[in-house]
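Commentary on secondary and tertiary structure
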Amino acid sequence: MDLHMGLLSAAIWLPIVGGFVVLAVGDRAGSRPARWLALVFSLLTLLVTIPLFTGFDTHTAAMQFVERVPWIPSLHIQYYLGIDGISLWFILLTSFLTLLVVISSWRNVQLRQAQYLAAFLVMDGLMIGVFCALDAILFYVFWEAMLIPMFLIIGVWGGPRRVYATIKFFLYTFLGSVLMLVAFLYLYFHSGDSFDLLTFMKTPLSAAAQIWIFLAFLIAFAVKIPMWPVHTWLPDAHVEAPTGGSVILAAVMLKMGAYGFLRLSLPITPDASHQLAWLMIALSLVAIVYIALIAIVQQDMKKLIAYSSIAHMGFVTLGFFVFTQTAIEGAIMQMLSHGFVSAAMFFCVGVLYDRMHTRDIHAYGGVANVMPIFASLMMLFAMGNVGLPGTSGFVGEFMVVLGTYGPHPWAAIIAATGLITGAAYTLWLFKRVIFGGVTRAEVAALSDLDGREVLVLGSLGVLVLLMGLWPAPFLEVVHSSVQHLLSQVSVSKIPS
Amino acid sequence: MWIFDWLNALPPLWVYFLIPLAPLAGSLVAGLGGWFLGHRAHWAPILGVTFAFYLALFVLLQVLHGRTFYGNVYTWGVFGSLSVPIGFDIDSLTAIMMVVVTFVSLCVHVYTIGYMHDDPGYARFFSYISLFTFSMLMLVMSNNFLQLFFGWEAVGLVSYLLIGFWFTRESANQGALKAFLVNRVGDFGFLLGIAAIYHYTGSLDYRTVFAEVPSLVGQTVSILPGHPWSVLTWIALLLFIGAMGKSAQVPLHVWLPESMEGPTPISALIHAATMVTAGIFLVARMSPIYEKSATALSVILIIGAITALFMGLVGLVQNDIKRIIAYSTLSQLGYMTAALGASAFSAAIFHLVTHAFFKALLFLAAGSVIHAMANEQDIRKMGGLARSMPITYVTFLIASLALAGIPPFAGFFSKDLIIEAVGQSHLADAGLAHVFLVLGALVTALYTFRMFFLVFHGQPRMDEHTRAHLHESPWVITLPLVALAILSVLTGWLLMKPVGLGGFLDSSLRIQPTFDTVGAIAAHWHGTAAFLWEGIQAWPFWLAVLGIGLAALFYLVGEGLPAPLQRIVQPAIWVLRQKYGFDVFNQIVLVRGALLLGRRFWHWGDQALIDGAMVNGSAQLVARAAASWRRLQTGYIYHYAFVMIIGFVLFLTYFTLGRG
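Fair warning: this is a prediction, and the values are worked out from it, not measured in the lab. (Residues numbered from 1 in each chain as written. Chains lettered and ligands numbered in written order. Predicted model: local features only at pLDDT ≥ 70, side-chain atom pairs only at ≥ 80, totals over all residues. Heavy atoms only, no water.)

1. Focus: the environment of Leu466 of chain A
Residue and element names in this part refer to chain A. Looking at the secondary structure, you find Leu466 in helix H22 (residues 451-469). Of the residues examined, Leu466 reaches a relative accessible area of 38% and is grouped as partly exposed. Excluding residues within four positions of it along the chain, Leu466 makes contact with Pro471 and Phe474. (Helix = DSSP H or I, 4+ residues; strand = E, 2+ residues; numbered from the N terminus. Buried < 20%, exposed > 50% of the residue type's maximum accessible area, 1.4 Å probe, protein only. Contact = heavy atoms within 4.5 Å.)

Right under this line is the structure:
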């Protein structure tokens, strides 16, 4: 028997089971046992996902580590898992960030810590499930279920306006997903009673049907990414979410929508993708230009970073819909890098928030005087956010601009303005928070990072630099799968 | 030479790779170990840079013997069919840059021991300047556009960090931010230029790209519908936008004067001698592309000439010693740029080298003055310093004479060659550019010696306390001054023929015969002495002498401009004090415009239109529904989960039964 059998199931169910164990242990005997259990389970999950990388065959675009058993045979629903180069990095990213969230929540969550950690563990498994599912219903179940822990995290551990933020989040994502389910049902009947995503990809579809399916997917995914104009839930959700929630939301959940485009929209509706590419490019450019300008004027650190996330995701969607290998690979690199950088930025805000209990930029100034280690690390992440070469943020933006220039020079020109605006909002934030003299007693009393915080931010810093200085191994994994995807999207599926 | 013998046994790639790595190692030691090294933090950076300088000399000797190198260290990434390496292209142009960068960097490292001695950020400063040296070396040694951009952005980052080095000062932070953002405008063009190169040649590797260039001649691109442009002109201009940002050419020059907020050693190293010349280096390196576009060359020529004259004029009305030198740097970069436009690439590089020495000297000497004056930078409060600081005085004078273009100092040869080459050019506007550059000679001499006389001669104008504490700087400061002063005297004469006339650089440059202005000068070459003899019979020299004479008349003999003259030139002075309004325009139109637009988008777009009209309208509906549900259950989230499961079960039942 193959040693790799069941790895994906283990990656999904280990943290979910762990979550319930932590929940069962609870806070009764203090939060210490729950914390350690959560740490052990998240660490084990990360260890389980590592063989996915070491055992991954980069030369094939076929699904690997496949697990396939019937689930509800009468409906042809299967428990069907498998990964390719497009999904691999996001599984590792998810398990890695969950571990960091557990470590960072060690002391600074006072309220019901066991439940808090359990929610993250369960969410970890469900998110990994989304990236592995190859059956539409299984995908949908994971997709919807992962929202529940996130609702809880924002709704229970969130800030003062958490109810408003959660309702908004709920409305948006729920309405979006319903249409996706309808599209799945349509595809089920058209593909000869199958929920197999790989079968969907081969099913011929008329031009009109493709447009409708594409639009249904678009609404579901555009909300998640989020794309303009369905983005306004994100700044609110981030502002209210606790640090860990913001980290997972920005670093992993936003990637779900983008992943959906790659896994579903492009291969299932290639003709519609081409036909509506102009719309997608236009929306992406609006995100890059309009959202970046909004980010500049924000006074709340989390809002600023949330808007910056939307602008960065604009590069991702732009990269998908110019249909060049460089741009799509660049978009995936941008997703991954944004996973590191936005997570780190939200951790940084969390570090400050834990000490000062405010996210208002004006409350800070001169932090570098009292927190030099923190200032150096945040500088690194700020530069990642700016997309400076040598950091991970550069790789994706560079490749997307390169890949876009050929088919759409004007789109590349407009997207490249993101270089200027990105630097403007990030470095202006940095200047106001970190630089300057200390004028407030609260700032003067700040203490620099403790060992745990150095571990969390330092490990992200290493990844940001590693990917920036040597992205070759990161790119190698996605190569064959993107090539395959491009071949799928370049062939018409309209029955002649 | 025997001191290099052991290096011959090493694989060449090792030697090349060690050159940038040595300062990087120094930077890491100082940066990470600074907390316990304290005032010993300079040892590792100085060793690293000294080693890099030694290796750079070795490489220069190798190149002189015809041993160049072109190869890769590792593959950065593969996208599509394109493999992008990190690698080196070592030829004569690179070798010259490497020696200049490492030598000036070494001088500045030593100088810093004295200059930054009492600064709490001592170790951090050394870490930054060594990191800068690493980045600059990666930039000039690159064999591909990606690594070039890497180095390009990395030097920009270090520049940003060093301008804002004293991060408690608002003006320093403002200057740093401005420098970064203006450079990003340049990078915007640079990045698109790289994208266009990738699109048209399918490569980012210098050799492959240059080999493809001839096949692009005649191809056009319609960026604006109905206006076909030559592809090569388009690429050349995009790359030049990058060069304008880094080398501070009008209108992207606004960041350089404000970069003077940084400590003086980096003003010398980064904002005078090396980083700001990266744009010059870029265009020279890309000569195979630029030579195919007369349009691009014309644009470069006129922008360079405008910068050379008009930024020099602003230098006339400045009173901060560092800002005068900064405007002078802008002006001299303009001369280099104009030379590039006239296809006199070798003259541009020649001036780059001499300027690196005499301008670094001028800055470091000014730093020595500032040090003695207890951080006073206003020349109106100086005067009569010559007696207290003899070494600084003499070296400052040498640098000033070199800058003003007085023979036999280095600047004379390189500047005269540029002016003459532009005079030979047949490009559109070359005549006007030539006039600007000739007039620039007068302006240069005038602002330089106004500063010189006000600082070192006349009555002391500082307060008693400062006056009592005037002193010559310690040897770690004066030693680099003397070293640079020697080079500011010698390099003009020595490098005139090999570098200025391009013999040594020929293998790195591609010049169209019809544009070959330096070639035309070389054709009538009768030796350096004859060039000097012709030089002192020409306009630029006499204008420089006139400039020094006027400066002496007004500021050595007299006390400022005579009143009647003052009244006549008052409007002009006002315009110059406003720096032609660039800053006002940028602040009001660009900065405030962007902020206003951002606020409008946020309040009207996101908050009013999307959230107000679209979202909250429907949200209120749901909120009402949720409110009624809340009476049944404790919270809507659990409810949602519940509804979802029920819904899913219903859905399954429907399909099982309905289709059964």
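2. Some remarks on the interface of chain B and chain A
At the junction of the two partners, chain B supplies 65 residues and chain A supplies 83 residues. Here chain B packs against chain A, burying approximately 6,700 Å² in sum over the two surfaces, 77% of which is carbon and sulfur. One can count one salt bridge joining chain B with chain A. Summed over the shared surface of chain B and chain A, the result is 15 residue pairs in polar contact (both at pLDDT 80 or more). Of all the elements in the fold, those that place two or more residues in the side of chain B that touches chain A are strand E1 (69-79), helix H5 (145-163), helix H6 (170-201), helix H25 (582-632) and helix H26 (636-659) of chain B. Here the side of chain B that touches chain A gets 18 residues from one element, more than from any other, and that element is H6 of chain B. Across the side of chain B that touches chain A, the residue classes break down as 46 nonpolar, 11 polar and eight charged. (Buried area = accessible area lost by both parts, 1.4 Å probe. Salt bridge = Lys/Arg side-chain N within 4 Å of Asp/Glu carboxyl O. Polar contact = N/O pair within 3.5 Å; in protein donor to acceptor, adjacent residues only side chain to side chain. Nonpolar A, V, L, I, M, F, W, Y, C, P; charged D, E, K, R; others polar.)

3. A short note on unusual backbone geometry
For the bond from Trp228 of chain A to Pro229 of chain A, the omega torsion is 5°, close enough to zero to count as cis. Mapped onto the fold, Pro229 of chain A is located in the loop between helix H9 (207-224) and helix H10 (233-240). Following Pro407 of chain B, the chain continues to Pro408 of chain B via a peptide bond in cis, the omega torsion being 5°. Following the sequence through the fold, Pro408 of chain B ends up in the loop between helix H16 (390-404) and helix H17 (410-424). One non-glycine residue with positive phi stands out, namely Phe323 of chain A, at about 55°. Along the chain, Phe323 of chain A falls in the loop between helix H14 (301-320) and helix H15 (325-356). Positive phi is not limited to glycine here, since Ala374 of chain B has a value of about 55°. Within the fold, Ala374 of chain B resides in the loop between helix H15 (345-372) and H16.

4. Some thoughts on helix H23 (residues 539-557) of chain B
Since there are 3.6 residues in each turn of an α-helix, residues three or four apart along the chain are aligned in direction. Under the 1.5 Å per step criterion, the end-to-end length of H23 of chain B is 25 Å for 19 residues, consistent within 8% with the ideal 27 Å. If you follow the buried residues of H23 of chain B, they end up packed against H16, H17, helix H18 (430-456), helix H22 (528-535) and helix H24 (563-577) of chain B. (Expected span 1.5 Å × (residues − 1).)

5. A word on the packing of helix H4 (residues 113-132) of chain A against helix H6 (residues 147-157) of chain A
Residues and elements named next belong to chain A. Close contact between H4 and H6 brings their axes to 9 Å; oriented N to C, the two are set at 155°. Classed by the angle they form, the pair H4 and H6 counts as roughly antiparallel. The hand of the H4/H6 crossing is left-handed. Residue-level inspection shows Gln115, Tyr116, Ala119, Phe120, Val122, Met123 and Leu126 of H4 in contact with H6, the latter providing Pro149, Met150, Ile153 and Trp157. Its residues assigned to classes, the contact of H4 with H6 shows 10 nonpolar, one polar and no charged. (Axes fitted to C-alpha atoms, helices over the stretch in contact; angles between N-to-C directions. Parallel < 35°, antiparallel > 145°, perpendicular 65-115°, else oblique. Left-handed = near helix turned anticlockwise from the far one by under 90°.)

6. Quick look at the pattern of salt bridges
Opposite charge on two side chains allows them to pair when their charged atoms are near. Counted according to the given criterion, the structure contains 17 salt bridges over all chains. In this structure, Arg161 of chain A engages Asp236 of chain A in a salt bridge whose closest nitrogen and oxygen atoms are separated by 3.9 Å. Here the residue Arg161 of chain A occupies a position in the loop between H6 and helix H7 (162-190), and Asp236 of chain A occupies one in helix H10, the gap between them amounting to 75 residues. For Arg161 of chain A, a relative accessible area of 45% corresponds to the partly exposed category. Members of the salt-bridge network, linked through shared partners, are Lys178, Glu258, Lys579 and Asp583 of chain B.

7. What to know about the environment of Leu309 of chain B
All names here are of chain B. If you trace the backbone, Leu309 turns up in helix H13 (residues 294-315). A relative accessible area of 6% places Leu309 in the buried class. When the C-alpha atoms of Leu309 and Phe190 are compared, they prove to be 26 Å apart, with 119 residues separating the residues in sequence. Those residues in contact with Leu309 that lie beyond four places of it in its chain are Phe436, Leu439, Gly440 and Val443.

8. Considering the layout of surface pockets
Size it by volume and the second largest pocket reaches roughly 1,000 Å³. What lines the second largest pocket is a set of 29 residues, among which Ile420 of chain A together with Leu181, Asn586, Leu590 and Val591 of chain B lie closest to the centre. When residues in the lining of the second largest pocket are grouped by element, the largest group, 11 residues, is from H25 of chain B. (1 Å grid on protein atoms, 1.4 Å probe; cavity = no way out; pocket = protein on both sides within 12 Å on 5 of 7 lines; lining within 4 Å. Points joined across faces, edges and corners; volume = space filled by probe spheres on them.)

9. Here we look at helix H4 (residues 122-141) of chain B
Here H4 of chain B is 20 residues long and its end C-alpha atoms lie 29 Å apart, about the 28 Å a rise of 1.5 Å per residue gives. Within H4 of chain B, 18 of the 20 residues are buried, which leaves the element mostly enclosed by the surrounding structure.

10. Quick notes on the packing of aromatic side chains
Residue and element names in this part refer to chain B. As enumerated under the stated definition, the model contains 66 aromatic pairs over all chains in all. Centre to centre, the rings of Trp152 and Phe190 are 4.8 Å apart; their planes meet at 70°, and the pair counts as edge-to-face. Taken together, the positions of Trp152 in helix H5 and Phe190 in helix H6 put the pair 38 residues apart, joining distant regions of the chain. By the burial criterion, Trp152 is buried, and Phe190 matches it. Between Phe449 and Phe453, the aromatic rings sit 5.8 Å apart at their centres with planes inclined by 50°, giving tilted as the arrangement. Residue Phe449 and its partner Phe453 are located together in helix H18, separated by four residues, close to a single helical turn. (Phe/Tyr/Trp six-rings, centres within 6.5 Å; stacked < 30°, edge-to-face > 60°.)

11. Here's the deal with a nonpolar patch on the surface
A cluster of nonpolar side chains, namely Val462, Leu465, Leu466, Leu469 and Trp470 of chain A together with Tyr74 of chain B, defines an oily patch on the protein surface of about 520 Å² accessible area. Tracing the sequence through the fold places Leu465 of chain A in helix H22. (Patch = residues over 30% accessible without salt bridge, like charges linked within 9 Å, V, L, I, M, F, W, Y side chains within 5 Å. Areas by Shrake-Rupley, 256 points an atom, 1.4 Å probe, with all protein chains shown as cover.)

12. What to know about the nonpolar core
Ranked by size, the top nonpolar core spans 473 residues in total, and within it Phe374 of chain A together with Tyr160 of chain B carry the most contacts. The dominant element in this core, judged by the number of residues it contributes, is H15 of chain B, at 20 residues. The contacts of Phe374 of chain A, once residues within four sequence positions are left out, are Cys348, Val351, Leu352, Val367, Ile434, Asp448, Leu449 and Leu457 of chain A. (Core = buried A, V, L, I, M, F, W, Y, C linked by side-chain atoms within 4.5 Å.)

13. Observations concerning the pairing of E1 of chain B
All names here are of chain B. Direction of pairing for E1 relative to strand E2 (residues 82-90): antiparallel, over a ladder of nine bridges. Paired with Thr75 across the bridge in E2 is Pro85. Turn length for the E1-E2 hairpin, with the two strands adjacent in sequence and antiparallel, is two residues, and the turn residue Gly80 shows positive phi of about 60°. (Pairing = 2+ DSSP bridges.)

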